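Residue-level structural notes
So you can see what is in the structure, the chains are spelled out below.
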Amino acid sequence: MAPDTNTIPGYTIFREGDYDSASAAAFIPDRVPHPLDIPDQLSIIEIPAAAQLIREWASPKLLKFNCITLREPTKSEYVAYKEGHASRPDRRAFAIVIEQQGSGQISEVVVNLTKSKVERWKEVKDVMPTLTLEDLDIMERISRKDSRVIEACRGLGITDMSKVFVDGWAIGVDERWGFERRLQQGLAYYRNHELDNQYAHPLDFTVIADTEREEVLSVDIRYVNGERTAIPLTEHHYLPNFIGDKYKHDTLKPIDITQPQGVSFQVRGNELTWAGYKMHIGFNYREGIVISDVRMHDPYEDRDRALFNRISVVEMVVPYGCPETPHHKKHAFDLGEYGSGYMTNSLKLGCDCKGAIHYMDGVLCTGKGEAAVIKNAICIHEEDNGLLYKHTDYRDGTVVSARDRKLIISQIITAANYEYGFYHTFTLDGTYKLEVKLTGMLNTYCMHPSEQAASSPYGTEVAPAIIAQNHQHIFSLRVDPEIDGHNNTVLQSDAVVSKDPLGSSENYYGNGFYCEKTPLRTALEGATNYNHETSRSWDIINPNRLNKVSKKPVAFKIVNNACPALLAKPGSVVWKRAAFARKSLWVLPYKDYELYPAGDYVCQSTGDENHPDNLTIQDWANRNESIENADIVCYIQFGLTHFPRTEDFPIMPVEPVSVMLRASNFFQRNPALWVPPSALCVDSISRNAFPACCSGGESKNLPKL
Ligand code: ABN
Ligand code: CU
């Protein structure tokens, strides 16, 4: 039997009997994972094996698999193994399962794959796991058949239900139901034909459904002055089929990226080496890309130095700012509620990625416990990054200039209407940067003729009778640092003016300023905010190692000035659910399996503190443990407040936002001096001292107009 590629768009699903096929062979690792491939991901063999052990354990109960993913070893197991003190940790899988045709009981299972046994089975209560793509599909299917939805559509003049599309969203808040129901809210749209832009025709009702029992619970129509809102039927296209000659011009010549001698990185299993860096690339249903065991060669000390134990994007919240019903329910946790891995695109060479690309696949599971592969889920490539450094000696005209380059490990997800590209980037100067590119479609809603967006502060009329509401995107980047060793401290760095008064002997001319460093000592102190007034940054230092030159502790600096304050009021639903987004930075002691700051279970979460099965970052911080000279983790919040513009419609040009961690007194001097300068040119005096060697481009005079 050939693997089924149709059931879930973008997934290649392997069913029983497929494993001997040639196409399956392409996804079976030809090696035992490299000992340090931790985390990597489960293989297409391990996923059904775990599912089978779980099914046998639960029999005769029927189960739906919400996830089956690698259970990473504890840090102490991993370190002991890495340092040669212990044998290789057993290979384990972690699954969340939902009992079918019965209680709907949710359980967490740990399977030891090395020993072929279920090691732990824990029933959890008052929680709802991630909505998978299969779960989201149910919403549209059941809505189209539901008599109340059909009636609501008829009221707008729609009789052909195949033209009605319903985006399933997790539900932000709905007091009518609790955990006895697995809830979704369906946002309804009309699409006139296959190529029509459905976000141009939003409908005035939402569907609330229990997608586990496949029941529509309510169809909530928004009446304005007792009236329905007509469908905005004008078509707003972005596909080239419709753009036609209107914007056509032929001024864009091709830009081709060539690397005639190949790429400068190497991939062995999941280990990536590039320009002195070493790291491991993993992937899972929830976080998508996971980068671990990041090291960098120090050219001055001639040794590999640890930088980060693990990096991943663990959460994002998109609170919408319109207080009117039903929009108050929209605060999507785009990663925790749907899973970054599950929503990952299969990338296309020449479109999503240009140049010499190395792809890695993502291995996930289906609800039946089959392996599902997203081909080309992760793109790894290099790009020129402009100047690395340059100096001209103005006396003799000697110029030295070197070019930087970046290594980018990226993935793109489709979160219903929105696309997010995550670009984990390393550069030659010892910088890690996460750039997120936001694109795709705005969440739109129809306007009643009595409504005018111009007089509503909560959105922008992006096309006649279509409003796009204000919202924020607040991401959480989890960095488990290992700055030159396991124990680190975070210092808050504020640029402050000297306290010594003007005219005093210490600051006679009043020009003194310096960097005030405040150690964050406990987890509650570690929950802190950006301060624009002081250009605040944070240094993750290793207090046990001083830079030989500066005599300051070696450090990586968190540069995060794109961190909007959460605008929802304290005490509001989203403020409670998204505690992580209240602070620009949280620093906590490392604990195994504490990963997700809005809780392991984000769907239908309330954010109440001390939930027995769903602790959040606020609970972790409330323990107020020491974070000084300890094994710590940092949660870095960054993002943007989005007031939609007409230019964001009908499809949004990329909006980038980023955060950076840079070596700061980590190396003894510029760590990139080894990079051969691409220009070393002399104008006159010392002409013989250097060969002129500008290369790698061509200079063409522009034709005269
Ligand atoms: N933006 C809300 C969302 C994300 C992913 C899938 C469905 C809905
Ligand atoms: Cu936005």
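Residues numbered from 1 in each chain as written. Chains lettered and ligands numbered in written order. Predicted model: local features only at pLDDT ≥ 70, side-chain atom pairs only at ≥ 80, totals over all residues. Heavy atoms only, no water.

1. A word on the sheet that holds strand β21 (residues 444-446)
Through backbone hydrogen bonds, the strands of a sheet pair up, either in parallel or in antiparallel fashion. Short version of the rule: Strand pairing follows a simple DSSP-based rule, namely that at least 2 bridges must link the two strands. The secondary structure listing takes helices from DSSP runs of H or I that are at least 4 residues long and strands from runs of E that are at least 2 residues long, numbered from the N terminus. Note on geometry: axes are lines fitted to C-alpha atoms, helical ones only across the stretch in contact, with angles between N-to-C directions running from 0 to 180 degrees.
Pairing is antiparallel across the open sheet formed by 3 strands, whose spatial order is β21-β23-β22. Looking along the sheet, the strands with just one partner apiece sit at the ends: β21 and β22 (459-463). When the angles between neighbouring strand axes are averaged without regard to direction, this sheet yields 40 degrees. In the sheet, β22 pairs with strand β23 (residues 466-469) via 4 bridges, with the strands oriented antiparallel. If you follow E461 over to β23, its bridge partner there is I467.

2. A closer look at the site of ligand 1
Selection rule: Nearness here has a simple test: a residue counts as near a molecule or strand if at least one of its heavy atoms is within 4 Å of that partner. In this description, accessible areas are obtained by the Shrake-Rupley approach with a 1.4 Å probe, and a residue is regarded as covered only by the protein chains that are shown. Within this scheme a cavity is a closed region of a 1 Å grid, computed over the protein atoms alone, that accommodates a 1.4 Å probe without allowing it to escape, whereas a pocket is open but has protein on both sides within 12 Å along at least five of seven lines; lining residues each have an atom within 4 Å of a point. Think of it this way: a molecule belongs to a cavity or pocket when more than half its atoms come within 2 Å of the grid points there. Any residue that is not Ala, Val, Leu, Ile, Met, Phe, Trp, Tyr, Cys, Pro, Asp, Glu, Lys or Arg is counted as polar, Gly included; the first ten are nonpolar and the last four charged. Domain ranges listed in this record stem from an automatic or a database domain assignment.
Taken together, L136, G168, W169, A332, D334, Y338, M343, A415, A416 and N417 make up the full set of residues adjacent to ligand 1. Out of a free accessible area of 250 Å², ligand 1 has 96% covered by protein chains. In a pocket analysis with a 2 Å cut-off to the grid points, ligand 1 is assigned to the largest pocket. Taken together, the residues that form the shell around ligand 1 break down as 7 nonpolar, 2 polar and 1 charged. Two domains each provide a minimum of three residues to the shell around ligand 1, namely domain 2 (133-246) and domain 3 (265-664).

3. Structural notes on the domain arrangement of the protein chain
How large an interface is tends to be reported as the accessible area lost when its parts come together. Looking at the protein chain, the domain boundaries give domain 1 (31-124), domain 2 (133-246) and domain 3 (265-664). The C-alpha centroid of domain 2 is placed 37 Å from the C-alpha centroid of domain 1.

4. Describing the environment of R577
Condition: Contacts are assigned to residue pairs that have any heavy atoms within 4.5 Å of one another. Counted as a polar contact is a pair of N or O atoms within 3.5 Å, where, for protein atoms, one must be capable of donating a hydrogen and the other of accepting one, and residues adjacent in sequence contribute only when both atoms are in side chains.
For R577, the position within the fold is in helix α7 (residues 573-577). Along the backbone, R577 and D608 are 31 residues apart, and their C-alpha atoms lie at a distance of 7.7 Å. If sequence neighbours within four positions are ignored, R577 has contacts with I171, G172, H331, F333, E337, A598, V602, C603, Q604, S605, T606 and G607. At a separation of 3.0 Å, a polar atom in the side chain of R577 contacts the side chain of E337. Among the polar contacts listed, one links the side chain of R577 to the backbone oxygen of S605, at a separation of 2.8 Å.

5. Notes on the packing of aromatic side chains
This is how it is decided: Each aromatic pair joins two rings of Phe, Tyr and Trp (for Trp, the six-membered one) with centres within 6.5 Å, and gets the label stacked for planes under 30 degrees apart, edge-to-face for over 60, and tilted for any other angle. Here's how the labels work: a residue is buried when its accessible area is under 20% of the maximum for its type, exposed when over 50%, partly exposed in between, all with a 1.4 Å probe on protein chains only.
In the structure shown here, the tally under the stated rule is 18 aromatic pairs. Taking the centre distance of 4.8 Å and the plane angle of 70 degrees together, the rings of Y189 and Y199 count as edge-to-face. One end of the pair, Y189, is in strand β7 (residues 183-190); the other, Y199, is in the loop between β7 and β8 (202-210), with 10 residues separating them in the sequence. Judged by its relative accessible area of 10%, Y199 is buried. Here the aromatic rings of F666 and F667 are separated by 5.0 Å at their centres, their planes lie at 80 degrees, and the arrangement is edge-to-face. The burial state of F666 is the same as that of F667; both residues are buried. Within the aromatic cluster, the residues linked to one another by ring pairs are W274, Y277, F308, F426, Y432, F556, F666 and F667.

6. Remarks on the pattern of salt bridges
We count it as follows: Each salt bridge in this description consists of a side-chain nitrogen of Lys or Arg and a carboxyl oxygen of Asp or Glu lying within 4 Å of one another.
Taken as a whole and judged by the stated rule, the model has 54 salt bridges. Residues joined by salt bridges that share partners form a network here, namely D298, E301, R303, R305, D484 and R545.

7. Notes on the UniProt feature "domain: Copper amine oxidase N2-terminal" (unreviewed entry) in the protein chain
Formally: UniProt positions are given in the numbering used here, feature names are shortened, and annotations may be inferred rather than shown by experiment.
This chain's UniProt record puts "domain: Copper amine oxidase N2-terminal" (unreviewed entry) on residues 43-122. Taken end to end, residues 43-122 has its terminal C-alpha atoms 24 Å apart, with 26% of it in helix and 38% in strand.

8. Here we look at empty space enclosed by the protein
Inclusion rule: Grid points are joined across faces, edges and corners, and a volume is the space filled by probe spheres set on the points.
The full count for this structure, using the stated rule, is 2 cavities of 30 Å³ or more. One number sums up the size of the largest cavity: a volume of about 110 Å³. Together, 13 residues line the largest cavity, and L187, T206, H327, K330 and Y445 are the ones closest to its centre. Those elements that provide at least two residues to the lining of the largest cavity are β7, β8 and β21. A per-element tally of the lining of the largest cavity places β7 first, with 4 residues. In terms of residue class, the lining of the largest cavity is built from 7 nonpolar, 5 polar and 1 charged. Looking at the lining of the largest cavity, you find at least three residues from each of domain 2 (133-246) and domain 3 (265-664). Taken as a whole, the second largest cavity holds about 60 Å³ of empty space.

9. Some points on the side chain of K64
Along the polypeptide, K64 turns up in strand β2 (residues 63-71). Given the relative accessible area of 17%, K64 is considered buried. One polar contact links K64 to D135, side chain to side chain, over a distance of 3.0 Å. If we skip the residues at most four places from it in the chain, K64 touches I96, V97, I98, Q100, D135, E212 and G367.

10. Quick word on the UniProt feature "domain: Copper amine oxidase N3-terminal" (unreviewed entry) in the protein chain
With numbering aligned to this structure, UniProt lists the feature "domain: Copper amine oxidase N3-terminal" (unreviewed entry) at residues 129-223. Along residues 129-223 one finds 22% helix and 32% strand; the C-alpha atoms at either end are 33 Å apart.

11. Re the coordination of the copper ion (ligand 2)
The condition that has to hold: Only nitrogen, oxygen and sulfur atoms qualify as donors, and only when within 2.8 Å of the metal (3.2 Å in the case of Na, K and Ca); with water excluded, sites may look incomplete. All geometry calls rest on donor angles, where a four-donor set with angles between 85 and 135 degrees is tetrahedral, four- and six-donor sets with opposite donors more than 155 degrees apart and all others between 65 and 115 are square planar and octahedral, and all else is irregular.
Donor atoms from the polypeptide that coordinate the copper ion (ligand 2) comprise Y418 (OH), H471 (NE2), H473 (NE2) and H642 (ND1), at 1.8 to 2.1 Å from the metal. Here the copper ion (ligand 2) is ringed by 4 donor atoms whose angles at the metal span 97 to 139 degrees, and the overall shape comes out irregular. Read N to C, the donor residues that coordinate the copper ion (ligand 2) are spaced as Y-x52-H-x1-H-x168-H. Of the two residues, Y418 sits in strand β19 (residues 418-427) while H473 sits in strand β24 (residues 471-481), which places them 55 residues apart along the sequence.

12. Comments concerning helix α4 (residues 133-145)
For clarity, the cut-off: In this context, the arc is that of the directions from the helix axis out to the C-beta atoms.
Of all the positions in α4, only D135, L136, I138, M139, I142 and S143 are classed as buried. Across the axial projection of α4, the buried residues extend over an arc of 145 degrees, all falling on one side. Looking at the buried residues of α4, the elements they touch are β2, α5 (147-154), β6 (164-169), β7, β8 and β9 (215-221).

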